[in-house]
Amino acid sequence: MSADFTGGAEQDLAARTVELVRRAAGPAAQAEVFTDRVAQALTRFANSAIHQNVADTTVTVRLRLHLDGRTVTGSTTVVDEAGLRGLVDRVIAAVRVCPPDPGWPGLTPPAPITAPGRWDEATADASADDRAARVRAFVDAAGGLETAGYCRTRNWSAAFVNSAGQAVTGRTVATAMDGVARGGGADGVARLASGRLADIDGAVLGARAAAKARAGVDPVELPPDRYEVVLEPTAVADVLHNLALWGFNGRMVGERRSFAEPGKPQFDPAITLVDDAAGGLGLPFDFEGTPRTALTLVDAGRTTAVTHDRRTAAGAGTTSTGHAPPADNPWGPAPSNLGLVPAPGPGSAPAEVSGPAVDADTADLVSRVERGLLITDFWYTRVLDPRSLVMTGLTRNGVWLIEDGAVVGPVRNLRFTQSYPQALAPGAVLGLGRRATLLPDSWNPSTWSAPAVRLASWNFTGGASG
Amino acid sequence: MTHFDAATAAVQAALDAGARYADARVMHRRHESMSARNGEVERLGQSEDAGIGVRALVGSSWGFYAVPELSDAAARAAGARATEIAAASATVPGRDSGLIPVDGRSGSWASPCEIDPLSVALTDKGDLLVRATETMRANGADLAEADYQIWDTAKWFVSSEGHRVDQRVRECGGGIRATAIGADETQRRSYPSSSGHYGTQGWELVGALDFDAHAARIAQEARELLTAPQCPAGETTLILGGEQMALQIHESVGHAIELDRILGWEAAFAGTSWLDLGQLGSLRYGSELMNVTIDPTIAGALGSFGFDDEGTPAARRDAVREGRWVGVLAGRDSAAVAGLDYAGSVRADGWSRLPMVRMTNVGLEPGPHTLEEMIAATDDGVLMDVNRSWSIDDQRLNFQFGCEIGWEIKKGRRGRMLRNPTYTGIGPLFWRSMDMLSSETFPWGTPDCGKGQPGQVGHTGHPAAPARFTGVRIGVRG
């Protein structure tokens, strides 16, 4: 399977499409083509058995054409000669009658990428049996608890060619496992993303999830209040996701719908945020062909940058940061591989510990809390106001009361209503873990990298009774 | 080679490779979307995708494989690959399962369509959106947005049990939004709903929405909301408008009655359900005013079809009758595990995705009152409408929803506008407190329901009317 993922075929498709446009629309046409081949395979388990096992391979050609002051995008998965010609004909026909686009930012000029992307041959060639073996290990390690989750692999090769001379290719392979163990009415979770399937140990993850579930039986209900919290990396990932989507998104900033103000110390000095698609599991260029490099968005608490595509960059009088989404994505240029830099310390994996904190890094943060909550995961978080980034959502997969530096017992899930930037504001961050965990997004190829975090206050507004 | 031929070849290849059941679905979809922002068309996209997805059953284990090629060789390879994947599934097997028995069916179906939405001139569509955003800008919106989407989908389904079904479903719709930006917060008003309104209809649906008639109003309301008093906190009588009721039904009834969730198949991601199958037929879900139906036969609603993606013909079914829980959304495999005798609610969002339990049109039957009668009958309460935020726990019990706009109700009259209205509750307790229900129903269509891994986006319909609830906690703030 991996032999198909060199990027060469995608580059040929992209170049042929640009040439078709040139022949049909003439040299004045500004065309860009992003072509990718994605093979994803996902083995899903529930009730401790594989209940869904899927795979697909899709090649997509995306054409954006600017002609006579007007812009149209089109895409197709029908990539034979007739399919490509049909795509080009449709887009040219549409661009001649669509309304003007005075904000067209022009094509990306030629620029080399700095790295071709991460690739692991063994992961790219992984079979359904390889994924099933990890599921088997997860189920066995849960020791009789009911389990559910998935193990997936995703091969992604892409090429970008435009009529201004930019031509780049890249590829990446990613894998992830995410599972819960369930027993006695309690759920525990473990999840991990990586560029190598060899890093995914179903037994380790299953044991972690089971330890959490066993420690979560017979929870008590706590009254809504502000509590000090230790957020595990799985919960921090949700914070990063929403900061990325609503906060550092150049479109939101340009429209004054974001809290982000470059140059201002908006976060605690412990907070440094870096978006790094090329160094993570993303492609080394964006959907406009702009090369990607690591971008520091917050440096020791000070907001330093926001993400742009060519259109938002033009509006802001700056240059693209390589965050253009697919042209049909209405959200704007948001970070998609955001990482919270951990506290200085050893880079090796922390030791597994018994109990719900599961690793020594998190347990160390817990040991410093006089009274607070250990939070594993957030669920169904939604924005109440994008400007202040006040979110509501619930805890999930394990909450425990901490007293005098020790976990004293499980707590029922709580609803919160909390401004995320405020939770990370100067003085609010009481500690960071020393190692970041790479976590998969549940909905798209994004990844989030986070250590555990100790925060002074989190505003819980309701308990399980409503 | 026809699309039926490709599907037949894939099914035969899966059987030849050892599957005891197989089905194949060829889909060809064209999609068009346009959006305008602050008086300019910002984005026009047209896409086409086509391919075949094959599902195979080996023992009690499933496999699925999909490719974008429709040649005989590609179809046969996909069938064989689906069977290989099913064999791998069998290494971590579950309980014996299969499919509830049905007869193989042949049939064709097409959704109603008066005006082909893909044939309407792009300039006319662009003018409609630009005009609406210009009107909103002129009436106080800092950010004015308008958009539409069109899907034109053809499907060909074949199974090893003799199904041979083709369908053409044309869907479209759109919406407009005005955002006012204040010093510390933003306020937004939308029409006709926060995500627009969609249906299995032609462009006549968009024409009937009449954006021009509502653009100025929603922009003015968004601006007014910046200085309106905050929604008070406390417990009160709550009247919800029809659009918010559609969301309430979707989140706290529709997802809760999905059989795959009840069986734990979505436990790790979308969550489970508070419902226990042992209580089907007896559980009190809500007040006696509560009658919820699962009805993919409603002409023009977004959750309508002729056959689901397992070939089961569309049929209406009760989910809640006079407040009692009586039905679920099911597929043939989940129904077999649960011991039920019906299916018909399985769909996939494309050829490369596995069909799964999905809401069709899950709607609340109307009641005897009007919205004005409910307001007149309320001494002290709040009216809220148009969803702004939605969050509910993984068992579909504890919810907190925010609306774009609220009004206080005093002595039977609608009073001041309120900003940032929110309400919270527990599903069954909330539904049991419903004491008045309007007759003013509308088949709201939402095209963006996320579920499943790999993620799928579902199109669902929700007939809903305004309703009144007592003793509801409102005004939760951060």
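Residues numbered from 1 in each chain as written. Chains lettered and ligands numbered in written order. Predicted model: local features only at pLDDT ≥ 70, side-chain atom pairs only at ≥ 80, totals over all residues. Heavy atoms only, no water.

An unreviewed UniProt entry annotates chain B as Peptidase C69 of Polymorphospora rubra.

Identification of chain A as Peptidase U62 from Polymorphospora rubra is taken from an unreviewed UniProt entry.

K.L.:
Whenever I open this one, helix 1 (residues 3-16) of chain B confuses me. Can you help?
P.N.:
Owing to its 3.6 residues per turn, the α-helix aligns residues three or four sequence positions apart on the same side. All names here are of chain B. Compared with an ideal rise of 1.5 Å per residue, which puts 14 residues at 20 Å, helix 1 spans 20 Å between its outermost C-alpha atoms and is within 8% of the ideal. Taken together, the buried positions of helix 1 are Phe 4, Ala 6, Ala 7, Ala 9, Ala 10, Val 11, Ala 13 and Ala 14. Buried positions along helix 1 lie against strand 1 (21-37), strand 2 (40-58), helix 2 (72-89), strand 5 (143-159) and strand 6 (164-181). Two residues or fewer past helix 1, Gly 18 is found with a positive phi of approximately 120°. (Helix = DSSP H or I, 4+ residues; strand = E, 2+ residues; numbered from the N terminus. Expected span 1.5 Å × (residues − 1). Buried < 20%, exposed > 50% of the residue type's maximum accessible area, 1.4 Å probe, protein only. Contact = heavy atoms within 4.5 Å.)

K.L.:
So what exactly am I meant to see when it comes to the domain arrangement of chain A here?
P.N.:
By convention, interface size is frequently given as the accessible area that disappears when the constituent parts associate. Residue and element names in this part refer to chain A. We note that the domain assignment places domain 1 (8-216) and domain 2 (226-462) within chain A. Using C-alpha coordinates to define each centre, domain 1 is positioned 23 Å away from domain 2. Among the residues domain 1 hides against domain 2, the three largest losses belong to Pro 105, Arg 191 and Lys 212. Together they make up 18% of the total. The salt bridge partner of Arg 311 is Asp 101, with a shortest N-O separation of 2.9 Å. There are 14 residue pairs in polar contact (both at pLDDT 80 or more) connecting domain 1 and domain 2. Mapped by element, the contributors of at least two residues to the side of domain 1 that touches domain 2 are strand 1 (30-46), strand 2 (49-67), strand 4 (146-162), strand 5 (167-183), strand 6 (186-194) and helix 5 (202-215). When residues in the side of domain 1 that touches domain 2 are grouped by element, the largest group, nine residues, is from strand 5. For the side of domain 1 that touches domain 2, the per-class residue count stands at 26 nonpolar, 14 polar and 12 charged. (Domains from an automatic or database assignment. Buried area = accessible area lost by both parts, 1.4 Å probe. Salt bridge = Lys/Arg side-chain N within 4 Å of Asp/Glu carboxyl O. Polar contact = N/O pair within 3.5 Å; in protein donor to acceptor, adjacent residues only side chain to side chain. Nonpolar A, V, L, I, M, F, W, Y, C, P; charged D, E, K, R; others polar.)

K.L.:
Just checking my understanding: could you explain the side chain of Asn53(A) for this structure?
P.N.:
Considering the arrangement of structural elements, one finds Asn53(A) in strand 2. On the accessibility criterion, Asn53(A) (1% relative accessible area) is buried. Looking at Asn53(A), its side chain comes within polar contact range of the side chain of Arg131(A), at 3.4 Å. Beyond its immediate sequence surroundings of up to four residues, Asn53(A) is in contact with Leu42(A), Thr43(A), Ala128(A), Arg131(A), Trp62(B), Gly63(B), Phe64(B), Ile85(B), Ala88(B) and Ser89(B).

K.L.:
Is there a simple way to explain the interface of chain B and chain A in this structure?
P.N.:
Between chain B and chain A, the residue contacts involve 80 residues of the former and 76 residues of the latter. Taking both sides of the interface into account, the surface hidden between chain B and chain A amounts to around 6500 Å²; carbon and sulfur atoms contribute 51%. Between the two partners, chain B and chain A, sit seven salt bridges. Here Arg90(A) makes a salt bridge to Glu48(B), at a shortest N to O gap of 3.1 Å. The interface formed by chain B and chain A contains 40 residue pairs in polar contact (both at pLDDT 80 or more). Split into classes, the residues belonging to the side of chain B that touches chain A amount to 32 nonpolar, 27 polar and 21 charged. Of the strand pairs in this sheet, strand 3 (residues 70-76) of chain A and strand 2 of chain B are connected by four bridges, and their pairing is parallel. Residue Thr73(A) lies in a different strand from strand 2 of chain B, and its bridge partner there is Gly45(B). (Pairing = 2+ DSSP bridges.)

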